[in-house]
Amino acid sequence: MPISYYLALSAVLFGLGVIGFVFKRNIITIFMSIELMLNAVNLAFIAFARALGQLQGQVFVFFVIVVAAAEAAVGLAIVIVIARNRQSLNVERINLLKL
Amino acid sequence: MTPQLVIFLILAAIAVAGAVSVILQREPIHSAISLITVMIALAGLFLLLESEFIAAVQIIVYAGAIMVLFVFVIMLLNAGAEERTNMSRMARYVGVPLAIFLLIELAYQVGAATLSMTAQPVADGATRGLSMLLFQDFVFPFELTSILILIAILGALVLAQRSEGAPAQRAQQ
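Quantities reported herein were computed from a predicted structural model and do not represent experimental measurements.

J.: Help me understand the environment of Ala63 of chain B, please; the structure alone is not making it clear to me.
T.: Residue and element names in this part refer to chain B. By the secondary structure assignment, Ala63 is in helix 3 (residues 52-76). Linking Ala63 and Met90, residues 27 residues apart in sequence, is a C-alpha distance of 37 Å. When residues no more than four places from it in sequence are discounted, the contact partners of Ala63 are Ile36, Met39, Ile40 and Gln58.

The structure is reproduced here in structure tokens:
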């Protein structure tokens, strides 16, 4: 079966991640949309690695997952600090830098 | 219809339904569980693409460790339902159709541009070749990631600790 099916699915998942990032108000859900986009990109990497018969794409996915783990740890720590300081998870209320 | 295509369609439907559910659910914990289903479906797709090691890592690290961290933080902060967004008329009648158009257009163009690509066999087993690459060609980035994770642990600890005289405490006093 053609690889383009996987790439189309990856594009759909990435687009849904973008839509969630733009439409959601809860900072944790926005963060989850970023994870969804990372997953979509991982699928594209694996599909291209399969199409080219090479394994470098899989190595890249491995590193993406490792960096995503580090990013989740630091990002969620930042979410905890924001929730503690602002008493809210709504991004509309986190507007201290707004003019 | 080959068996691979049937399995692909089932897993793709689960993944897309889960991703839509991530957006539509208003409770963060429901979004998190939907995201776990997306990740498990993607692990099945990785198996279908004959990358067994990445499928296992996807289950263990993504659906296991990272999502447990998310669920833990949601419960720690007692995050309730998202406030109802009073979407402007512009967002409802222009933004939503444009977003759906973006999805269809992106999927169509990416699919059409790569229609001639077919799967190539990997010379020696995927997991064996992957370990060879990881510990020979990419050994320096591989070791760097351990330092990255160490720094991430330190950063998370420093950020999340409640120190004496922190702004939140001063505000409460």
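Now that the structure has been shown, the text picks up again.
J.: Can you walk me through the interface of chain A and chain B in this structure?
T.: Interface size, as often reported, equals the accessible area lost upon joining of the parts. Taken together, the contact between chain A and chain B spans 61 residues of the former and 71 residues of the latter. Elements supplying a minimum of two residues to the side of chain A that touches chain B: helix 1 (4-23), helix 2 (27-52) and helix 3 (56-86) of chain A. If you tally residues by element for the side of chain A that touches chain B, the top one is helix 3 of chain A, at 24 residues. Grouping the amino acids of the side of chain A that touches chain B by side-chain chemistry returns 44 nonpolar, 12 polar and five charged.

J.: Please clarify how the domain arrangement of chain B should be interpreted in this entry.
T.: Taken domain by domain, chain B comprises domain 1 (1-82) and domain 2 (124-161). The distance between the C-alpha centroids of domain 1 of chain B and domain 2 of chain B comes to 23 Å.

The rules behind the values
Residues numbered from 1 in each chain as written. Chains lettered and ligands numbered in written order. Predicted model: local features only at pLDDT ≥ 70, side-chain atom pairs only at ≥ 80, totals over all residues. Helix = DSSP H or I, 4+ residues; strand = E, 2+ residues; numbered from the N terminus. Contact = placed C-beta atoms within 7 Å. Nonpolar A, V, L, I, M, F, W, Y, C, P; charged D, E, K, R; others polar. Domains from an automatic or database assignment.

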